[in-house]
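Descriptive analysis of the structure
Here is how the chains run, residue by residue.
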Amino acid sequence: MSGEVTAEILTTHILDLAAEGKRLDGRTPDEYRRITVEPGFVVSADGSALVRLGDTAVLAGIKLEPGKPFPDTPNAGVLSTNAELIPLSNPTFEPGPPQPGAIEVSRVVDRAIRAAETIDLTRLCVTPSEKCWTCFTDVHVLDHSGNLIDASLLAAVTALAHATVPAKRFGIAEADYPLEVQHFPIECTFVRLGDTIVVDPTFDEEQAAQGRLTVATDETGRIVAMQKGLVGAFSPDDVKEIVGRAFVHGERLRAFARGGSA
Amino acid sequence: MGSVGAKEVPVLLTPDGRRIDGRTLDELRPIRIEAGALHQADGSAFVEWGANKVMAAVYGPREVHPRHLQQNNKAVIQCRYNMAAFSVDERKRPGLDRRSQEISKVIAEAFESVVFAEEYPRTSIDIYIEVLQANAGTRCAGLVAASVALADAGIPMVDLLPAVAVGKVGGAIALDLRKEEDNYGEADLPMALVPQSGRLVLLQMEGHMTEEELARSLDLGVQGCRTIYEKMKAALRERYAVGPPAGGAA
């Protein structure tokens, strides 16, 4: 079909540009698209944030419900992170069961939140072994124009940082109180285009990419999660370079999650 | 009324005919429509209607998936109405439940009545409606968003499809119910109108109404749809109108 022919011409063009250190949208290899963050976008959620990364748009919503602690962690609350790549967001998505891509986004975002100890789970325990809060983070991808992982985690962490525990509604405490966030993990994703490694890939750059690497860092200087994806390879030196760049970008993106405004 | 459940029924109607949010019986909630809100979709629209937030996207005409649904003489119109997990008070499990599937079906059929599907045989026109924040009337808000999204995608249609629900609250017929009125009211009657023909292509009803009340409800709903119709056209005009020639004053 003509779609595939166009894609191949586009891929070649993206790779030719990258060889000269250029990109289709005029960015440098080390530049993010424009970021805007809107916390509290959905009032029916206990916390929410709409994040736009260029033409990519994702909405994260938090819901807290009373539940039961897992037997092996009787003093801890429960976290659940789920990303929906709904067919509204991209022409290539079909309705139906979650695709591997959606599951990967969910899991990579979940891993960063968990490993960074974003939420102190012991504070979500109400009665050990009996009652705790279950914190659901649902990420709804509205417009998929590339780099869903970075946008999804930024939306999730911003939503968590602005969330309220609905203790009054469920009769667990006299008043609702803010959900405290103790760390701010940020994921930065890079793709390899020939010999050039670019940050924050667009959808077309992801199609052309020869490997993708996501690095999650937190504000204390820890690396808390990584994920290599797509077909392609990175040398150890590539990885070291990417980690260095991820810390720099991570610090800038973290300001959006904390402040919540562009 | 109000005999079911232990919860106290809020006062839905004051003696001077004001509703829980201060509206009169024939008053719509504030509506804001944005055509072309997404980049990937062929057509899209975002609708804020009272405390509802609904996004709609249209893809197509394109290849039919699954293939066996393909029709040789016209396009198939497929609709997926879905609610985000965090769009309601109690978290909703992600995915389509029976309610969502029924709403998807009646919305698809409403659009089949106005889209010139025979222009695009062996293709599919896919409508996706995502309810991000819900406060009663989401199927009507979704229909309005989808209708503007279809126009934004350049799909030829007989007309736009404005939609609104009429209900019965505190014994009175009221336009455009909000959540408390929907939960504690006596009837709910969503409808979608083809303004050019004056005919209804979506009509559902639940509750209790007399014949006379139904007649008045239909009149009130049609009147509400005509107001919404103007807002839909204005949203499309805002996106596509060509402004005065640049530098006219300079």
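Before any of the text, the structure's been laid out above.
Note that the structure is predicted; figures quoted are calculated from it, not measured.

1. Side note on the interface of chain A and chain B
You'll often see interface size given as the accessible area lost when the parts meet. Contacts between the two partners involve 28 residues from chain A, matched on the other side by 24 residues from chain B. Of all the elements in the fold, those that place two or more residues in the side of chain A that touches chain B are β3 (56-67), β4 (78-84) and β6 (131-143) of chain A. Residues belonging to the side of chain A that touches chain B are distributed by class as follows: 12 nonpolar, nine polar and seven charged.

2. Focus on the nonpolar core
With 150 residues, the main nonpolar core has Val58, Leu154 and Ala155 of chain A together with Ala56, Val144 and Ala145 of chain B as its most contacted residues. If one sorts the elements of this core by residue count, helix α3 (residues 148-161) of chain A sits on top with 11 residues. Aside from chain neighbours lying at most four places away, what touches Ala145 of chain B is Ala45, Phe46, Val47, Val54, Met55, Ala56 and Ile129 of chain B.

3. Side note on unusual backbone geometry
The omega torsion of the bond from Gly60 of chain B to Pro61 of chain B falls at 0°, within 30 degrees of zero and hence cis. Following His65 of chain B, the chain continues into Pro66 of chain B via a peptide bond in cis, with omega recorded as -10°. Here Pro66 of chain B shows up in the loop between β3 (52-62) and β4 (76-83). One non-glycine residue, Asp200 of chain A, lies in the positive phi region at around 50°. Along the chain, the position of Asp200 of chain A falls in the loop between β10 (196-199) and α4 (203-208). For Asp200 of chain A, a count of 26 C-beta atoms within 10 Å gives the class buried. If you check the backbone angles, Arg122 of chain B has positive phi at about 60° while not being a glycine.

4. Things to note about the sheet that holds strand β12 (residues 223-229) of chain A
All names here are of chain A. On the basis of which strands lie adjacent, the open sheet formed by four strands has the order β10-β9-β11-β12 and antiparallel pairing. Two strands bound the open sheet, and with one partner strand each, they are β10 and β12. With direction set aside, neighbouring strand axes in the sheet form an average angle of 20°. For strand β9 (residues 186-193) and strand β11 (residues 212-217), the ladder comprises six bridges, and the chain directions are antiparallel. In the sheet register, Thr189 faces β11, and the bridge partner there is Thr214. Contacting β9, β11 and β12, helix α2 (residues 100-115) crosses the sheet at an angle of about 165° to β12.

5. Some remarks on the pairing of β6 of chain A
Residue and element names in this part refer to chain A. Counting buried residues in β6 gives 11 out of 13 residues, a clear majority hidden from the surface. One ladder, built from 11 bridges, connects β3 with β6; its direction is antiparallel. Among the inter-strand pairings, Gly61 is bridged to a residue of β6, identified as Asp138. Sheet topology note: the β4/β6 ladder contains seven bridges and is parallel. By the bridge assignment for β6, Ser80 is matched with Phe136. In this structure, strand β5 (residues 125-127) lies alongside β6, joined through two bridges in antiparallel fashion. The partner of Thr127 across the bridge, within β6, is Lys131. Between β5 and β6, which pair antiparallel one after the other, the connecting turn spans three residues, and Ser129 there sits at a positive phi close to 70°.

6. Structural notes on the sheet that holds strand β5 (residues 124-133) of chain B
All names here are of chain B. A sheet is described by the order of its strands in space; here five strands give the open sequence β1-β2-β3-β5-β4, paired in mixed fashion. The strands lining the two open edges of the sheet, one partner per strand, are β1 (31-35) and β4. Across the sheet, the axes of successive neighbouring strands diverge by a mean angle of 15°, strand direction being ignored. Where helix α1 (residues 98-112) meets the sheet, its contacts fall on β4 and β5, and the angle it forms with β4 comes to roughly 145°.

7. Structural notes on α1 of chain B
All names here are of chain B. Between its first and last C-alpha atoms α1 spans 21 Å; for 15 residues at 1.5 Å apiece the expected length is 21 Å, and the two agree. Residues of α1 that are buried include every one of Ile103, Ser104, Ile107, Ala110 and Phe111, and no others. Buried residues of α1, viewed axially, fall in a sector of 130°; they line one side. Exposed residues pointing more than 90 degrees away from the buried face of α1 are listed as Arg98, Gln101 and Lys105. In this fold, the buried residues of α1 make contact with β4, β5, α2 (138-152), β8 (187-194) and β9 (199-203).

8. Here's the deal with the pairing of β10 of chain A
All names here are of chain A. The pairing of β9 with β10 spans four bridges and is antiparallel. The residue of β10 that forms the bridge with Arg192 is Ile197. Taking the residues that link successive antiparallel strands as the turn, the β9-β10 hairpin has two residues, and the phi of Gly194 there is positive, at about 65°.

9. Here we look at the packing of α1 of chain B against α2 of chain B
All names here are of chain B. Packing of α1 against α2 leaves a shortest axis separation of 11 Å and a crossing angle of 40°. The pairing of α1 with α2 is recorded here as oblique in orientation. Considering the relative orientation of α1 and α2, their crossing is right-handed. In contact with Ile103, Ile107, Ala110 and Phe111 of α1, α2 contributes Arg139, Gly142, Leu143, Ala146 and Leu150. Its residues assigned to classes, the contact of α1 with α2 shows seven nonpolar, one polar and one charged.

Conventions adopted
Residues numbered from 1 in each chain as written. Chains lettered and ligands numbered in written order. Predicted model: local features only at pLDDT ≥ 70, side-chain atom pairs only at ≥ 80, totals over all residues. Contact = placed C-beta atoms within 7 Å. Helix = DSSP H or I, 4+ residues; strand = E, 2+ residues; numbered from the N terminus. Nonpolar A, V, L, I, M, F, W, Y, C, P; charged D, E, K, R; others polar. Core = buried A, V, L, I, M, F, W, Y, C linked by C-beta atoms within 7 Å. Buried ≥ 20, exposed ≤ 12 C-beta atoms within 10 Å, placed from the backbone. Pairing = 2+ DSSP bridges. Axes fitted to C-alpha atoms, helices over the stretch in contact; angles between N-to-C directions. Expected span 1.5 Å × (residues − 1). Arc of directions from axis to C-beta. Parallel < 35°, antiparallel > 145°, perpendicular 65-115°, else oblique. Left-handed = near helix turned anticlockwise from the far one by under 90°.

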